[in-house]
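# Inside the fold
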Amino acid sequence: MIEFSGVGKQYGDGMAAIESLDMTIATGELTVLAGPSGCGKTTTLRLINRLEEATSGIVSIDGMDVRAREPTELRRSIGYVMQHSGLFPHRTVRDNIATVPHLLSWSKAQIAQRVDELIETVGLRTEIIDRYPHQLSGGQAQRVGVARALAADPPILLMDEPFAAVDPIVRGRLQREFIQLQEKVEKTIVFVTHDIDEAISLGDRIALFETGGRLAQYAPPADVLAAPANGFVADFLGGERELRRLALMRVAAVETEPGPEVTSDASSASALAAADRYGWSWVVIVGDDGQLIGWVACGDLIGGDSRIDEVVIQPFGQAVSADDTLRTALGAIVTSPLGVVPRVDGARGYAGLVTHASLNQKLA
Ligand code: ADP
Ligand code: MG
C-alpha cells in the first residue's frame, strides 16, 4: 500500500500545494484523485515517485519511506502516464514503449517481444510502431503512453488525466478498455482526473480534494454519491447525483413487481380478472415457455371466452436484464407509455417489471 502521513508540499514560492495529507491507498485497487484544477492532484501523484519531494511528513510504499529508495530505481518500479501523454518526441513508438526495458538492459529480443505484446494489450495496430509521436492521433498517443508505463510490468501505475486530451467518444472507448485492462493486469493504480463521471466509473475509491490537498471525502463512488461529506463534495458531484447513483447499480439489485401475468392462450375473462386483482388497466402476456410476448390493455379485451391472442398484443419495446444499470432501466421507464420496463433473464424469460417504486426504494 501507499501511505501519506502528515504530508505537506510547499513549492519554492512558499505556496502550500498540499497542507497536510493523511491517506492510505490500498494495494490492487484503483484509487482516483479528483477535484478542481490546482487542488494538488498532480503534486500528490508526483510525491509517490519522487518527482516532487515532500516538505513535511512521510510518503511510504509497503511500509518503506520513499526517501530511502534511490529515485531512478523507485521510478522503474512505478509506471507513470503523464498528462498529454508526455512521449519523447524524437523517439519512435517502439523506442518510447521500450524506455524502461532499455534502462533495465533487457536483451533486444526480450524488448521486441514485450513491445509487440504491449501494442496488442493497449489496442494499437502494429503499423504505427515506427512512427513518431507527432504522427499519432491523440487517442493513439495516450495508448502509447499507457503501454510505455506498463512496459516493465511495475506493480504501481500513476496516471495523470490520461484521457483528458481526447474527444468524448475516444475517451469513452479508452475508459471501457482501461477497465478491462485493469482486471487483467491487477495493479495498484492511482488515477488523477477532474472529470467526476470518469472518477465514478473507474474508481474503486475516490479521494476528493479541495484546494491545498485537503481531503474532503475518501470513499467508494457509491458512498460518495449516496452521502456527500459536505457542500463542496455535493457541488462537485453536480445536479445529477441520483442519476449517477443509478448508473452504478444493477437491475439485479432491485425487487421487480410481478404484475398481472397471463399466457397468450388464456381467455379474455381471466386476463381481466388478473388485471383486476392488481387494480391495473393492462396485463403482461407471456408464452408457455415463460418468454415475454407483450402486453394487452384491458380496454382492448372483448371479454368472455374470446382468447387474448385474438386481440392486438403490444410489444414492450424495451426490456432490461440483470446486468443493465438502473439508469438504463430509468431511461426505458420514462419512455414507456406504461411507465415500467420488463426484466427478461435470457432463456428463463420474463422476470417481473422494474417500476418507479423499485428505483425509489433502492435510492432511499
Ligand atoms: P492539480 O493537478 O490538482 O491541478 P497541482 O498539483 O498541479 O494541481 O498544483 C497544486 C498547486 O501547486 C497549484 O496552485 C499550482 O499552481 C501549484 N504548483 C504546482 N506545481 C508548481 C511548481 N512547480 N511551482 C510552484 N507552484 C506549483
Ligand atoms: Mg494536474
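The structure reproduced in this document is the subject of the present report. (Residues numbered from 1 in each chain as written. Chains lettered and ligands numbered in written order. Predicted model: local features only at pLDDT ≥ 70, side-chain atom pairs only at ≥ 80, totals over all residues. Heavy atoms only, no water.)

### Points about the pattern of salt bridges
Scanning the entire structure with this criterion turns up 16 salt bridges. Between glutamate 117 and arginine 114 there is a salt bridge, with the nearest N and O atoms lying 2.6 Å from each other. Of the two residues, glutamate 117 and arginine 114 are both situated in helix α5 (residues 108-121); the distance of three residues between them amounts to about one turn of the helix. Owing to a relative accessible area of 38%, glutamate 117 belongs among the partly exposed residues under this scheme. For glutamate 177, the salt bridge identified is with arginine 143, shortest N-O distance 2.6 Å. In this pair, glutamate 177 is assigned in helix α7 (residues 168-185) and arginine 143 in helix α6 (residues 138-150), connecting sequence segments 34 residues apart. (Salt bridge = Lys/Arg side-chain N within 4 Å of Asp/Glu carboxyl O. Helix = DSSP H or I, 4+ residues; strand = E, 2+ residues; numbered from the N terminus. Buried < 20%, exposed > 50% of the residue type's maximum accessible area, 1.4 Å probe, protein only.)

### Observations concerning the packing of α6 against α7
Packing of α6 against α7 leaves a shortest axis separation of 11 Å and a crossing angle of 20°. With respect to their mutual orientation, α6 and α7 come out roughly parallel. When the axes of α6 and α7 are compared, the crossing they make is right-handed. In contact with Gly139, Gln142, Arg143, Val146 and Leu150 of α6, α7 contributes Val170, Arg173, Leu174, Glu177 and Leu181. Taken together, the residues that form the contact of α6 with α7 break down as five nonpolar, two polar and three charged. (Axes fitted to C-alpha atoms, helices over the stretch in contact; angles between N-to-C directions. Parallel < 35°, antiparallel > 145°, perpendicular 65-115°, else oblique. Left-handed = near helix turned anticlockwise from the far one by under 90°. Contact = heavy atoms within 4.5 Å. Nonpolar A, V, L, I, M, F, W, Y, C, P; charged D, E, K, R; others polar.)

### Examining the side chain of lysine 187
Along the polypeptide, lysine 187 turns up in the loop between α7 and β8 (188-193). The exposure class of lysine 187 is buried, given its relative accessible area of 4%. Here aspartate 153 takes part through its side chain, which lies 2.6 Å from a polar atom of the side chain of lysine 187. Of note is the side chain of lysine 187, whose polar atom sits 2.7 Å from the backbone oxygen of proline 154. Every residue in contact with lysine 187, bar those within four places of it in the chain, is listed here: Gly28, Glu29, Leu150, Asp153, Pro154 and Pro155. (Polar contact = N/O pair within 3.5 Å; in protein donor to acceptor, adjacent residues only side chain to side chain.)

Keep in mind these numbers describe shape, not what the thing actually does.
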